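The chain contents come next:
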Amino acid sequence: MDNVKTLFFIVILLTSYSVSSLASTHQTDDLDSSPLSATQRQQLDSIWLENQQLSTHAHDALDFIAASAHHGLSPNHYHHDRLKQFTLSADFTSSSQFSQLLTDGLLKLISDISIGQFKSSVVDPEWFIPQRKINPIAFLQQAVLQPHFKSQLNALSPDTPEYHALTQALSRYQSYVDRGGWLQIDTMPLTIQGDSHTQIPAIRSRLSIEYDLSLSTDKKVTFYDKQLEQVVIHFQKKHGLKTDGIIGYKTRKAMNVSAPERVQQIKVSLERLRWMPKDLGSRYLMINVANYTLTAISEGDEKLNMRVIVGRKSRQTPSFSATLNHLVFNPYWNVPKKLARLDLLPKQQADLNYFYLNDIRVFTTENGHKVEHEPYTIDWQSVNSTNFPYFFRQDPGEHNALGKLKFMFQNPWGIYLHDTAHKELFEQDMRSLSSGCIRVEDPIALANFSLTTTPKERVLELIENKENKGLKLRKSLSLYAVYFTVWSEKGEVYFSPDLYQRNQLLSKLL
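Residues numbered from 1 in each chain as written. Predicted model: local features only at pLDDT ≥ 70, side-chain atom pairs only at ≥ 80, totals over all residues. Heavy atoms only, no water.

Caption draft 1: Up close: the overall build of the protein chain. Along the protein chain, the regular secondary structure elements total 19 helices and 17 strands. A sequence separation of at least 24 residues applies to 69% of the contacts in the protein chain between residues at least 6 apart. (Helix = DSSP H or I, 4+ residues; strand = E, 2+ residues; numbered from the N terminus. Contact = heavy atoms within 4.5 Å.)

Now the structure itself:
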């Protein structure tokens, strides 16, 4: 195609006269306000049209726009219906309008499918992972010169198992919507296997739709049998619930999330995946705050998968990326001032033995020097949030809030990963319990993954000698704390509640 190399010049002209007007208007007359000359219009037409017929490039571009629905995007945002309505003929003006509209839609989609439709920091103020940048004009300039234009376009979306699993899930859940979704489960008492209830047929019907099972939906069958219990347990597992087979409020609430709502939830996660860096590194930690899980990845393989505890709603754990660079064995806990005032002070006021029993020491700073005070000598009832000259430190030991290991990385919130003395908390299905830091279920396994050149015996030795000691990683480790309420594991798609309500604005915009 002789005139292909002129595309870069023409696209700049197109975008200079307000591309946004093309996206908002439904009147083709507005396109005639373009400052393009007749020669420039002819050059643009030559990219997408050959003898007043669609070129191969145009067919590829239209297919790419139509396929945007598979990614949770709206083809009409890229002028799909308007482009389809154009009647291509020898009429010069109509052909030129088509070419301009196609170029505009394609440029928008190149950006949206590569890095997301929205600026992440605006639609999710707690998302601090840097969003990639792309120059759609430069990309298109190069792509049309390549032998396989369609392949260039298709390579723009994230090429990860996670992303592909969610696009497949989107298609599946959209099919549920198209078939009418499922009915709501009415209020019912706590129901266990062996019970009978009039809502059991509705539950069978509901689960049969989502899992394509041959469960009986006969309205006369009200008995909660063993087969249904196994399906309920599977549902609970896939929705981040306690897998006890008991149909209670949380299980029924999850069942009553409609098919359209699930579609929107998947679209939100696809958008967030497009915000992620294209290269996460060969070895990294991925912490999904929304489903309380940490996975360790090496060369594309999952090496660890463990439960975590994250910040409660009033002290949320943000989405961020960082570099893990050292570990601390048997750490001290330097209590953040806010936690000292709001959490520990009331406990000491209620029980004057609290600090003594939990190895917490009290200090002030005087003339630039740290001075320790005996807790029993302080009138704690006279201390309050405005009169608080103290800072607290908890010594290493069995009571230490950080447990036996702390994993450190630079960040502006003072967040780190750490062990905990309260292992029983990992058995809870809702684990938003911390003050923002992330507690890990198996810190020794995580230490062994992080310290690639340190023998496992050495890790245990450092823990058991009970001395406070830091150890730098020979090779730093990338870490990502993300927020996905839909995710995949080994091809299976899972859902979790919107713990921090961070999906609401993004879902509305989508």
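Caption draft 2: Quick peek at the environment of glutamate 427. Its location among the elements puts glutamate 427 in the loop between strand S12 (417-418) and strand S13 (432-434). Placed 185 residues apart in sequence, glutamate 427 and lysine 242 show a C-alpha to C-alpha distance of 8.9 Å.

Caption draft 3: The pattern of salt bridges, seen in detail. Under the criterion given, the structure shown has 18 salt bridges. With a shortest N-O distance of 3.0 Å, aspartate 124 and arginine 272 are connected by a salt bridge. Taken as a pair, aspartate 124 in the loop between helix H7 (120-123) and helix H8 (136-143) and arginine 272 in helix H14 (residues 259-275) lie far apart in primary sequence, 148 residues in all. Between arginine 458 and glutamate 461 there is a salt bridge, and its shortest N-O distance comes to 2.8 Å. (Salt bridge = Lys/Arg side-chain N within 4 Å of Asp/Glu carboxyl O.)

Caption draft 4: Region of interest: the sheet that holds strand S7 (residues 333-334). Pairing within the open sheet is antiparallel, and its 4 strands lie in the order S7-S10-S8-S9. Every interior strand has two partners, whereas the edge strands, S7 and strand S9 (369-373), have only one. One ladder, built from 5 bridges, connects strand S8 (residues 360-366) with S9; its direction is antiparallel. In the strand pairing of S9, phenylalanine 363 is matched with glutamate 372. (Pairing = 2+ DSSP bridges.)

Caption draft 5: Representation of helix H10 (residues 161-178). In a regular helix each residue adds 1.5 Å, so 18 residues correspond to 26 Å; H10 covers 26 Å between its end C-alpha atoms and thus fits that length. Among all positions of H10, only Glu162, Tyr163, Ala165, Leu166, Thr167, Ala169, Leu170, Tyr173 and Tyr176 are buried. Looking at the buried positions of H10, the neighbouring elements they touch are helix H11 (200-211), H14, strand S16 (486-489) and strand S17 (492-495). One or two residues past the end of H10 sits glycine 180, with phi positive at roughly 105°. (Expected span 1.5 Å × (residues − 1). Buried < 20%, exposed > 50% of the residue type's maximum accessible area, 1.4 Å probe, protein only.)

Caption draft 6: The packing of H10 against H14, seen in detail. Direction vectors running N to C along H10 and H14 enclose 160°, while the axes themselves pass 9 Å from each other. Overall, the two elements H10 and H14 adopt an arrangement that is roughly antiparallel. In this structure, H10 meets H14 at a crossing whose hand is left-handed. Here Glu162, Tyr163, Leu166, Thr167, Ala169, Leu170, Tyr173, Gln174, Tyr176 and Val177 of H10 come into contact with H14, specifically with Ala259, Pro260, Arg262, Val263, Ile266, Lys267, Ser269, Leu270, Leu273 and Arg274. (Axes fitted to C-alpha atoms, helices over the stretch in contact; angles between N-to-C directions. Parallel < 35°, antiparallel > 145°, perpendicular 65-115°, else oblique. Left-handed = near helix turned anticlockwise from the far one by under 90°.)

Caption draft 7: Representation of the packing of helix H17 (residues 443-450) against helix H18 (residues 456-464) in the model. In contact at an axis separation of 10 Å, H17 and H18 are set at 130° when each is read in the N-to-C sense. As the angle between them shows, H17 and H18 are arranged oblique. Judged by the twist between their axes, the crossing of H17 over H18 is right-handed. Of the residues in H18, those touching H17 at Ile444, Ala447 and Asn448 are Lys456, Val459, Leu460 and Ile463.

Caption draft 8: Representation of the confidence of the model for the protein chain. Across the protein chain, the average pLDDT comes to 89, with 89% of residues at or above 70. Note on residues 16-36: pLDDT under 50 across the span, and 36 contacts to partners over four residues away in sequence or across chains. (pLDDT = per-residue confidence, 0-100.)

Caption draft 9: Focus on unusual backbone geometry. Despite not being glycine, tyrosine 292 has its phi angle at roughly 55°, a positive value. Locating tyrosine 292 in the fold gives a position in the loop between strand S3 (283-288) and strand S4 (293-298). When its relative accessible area of 5% is taken as the criterion, tyrosine 292 is described as buried. If you check the backbone angles, asparagine 330 has positive phi at about 50° while not being a glycine. Looking at the element boundaries, asparagine 330 is found in the loop between strand S6 (320-329) and S7. On the basis of relative accessibility, which here comes to 6%, the residue asparagine 330 falls in the buried class.

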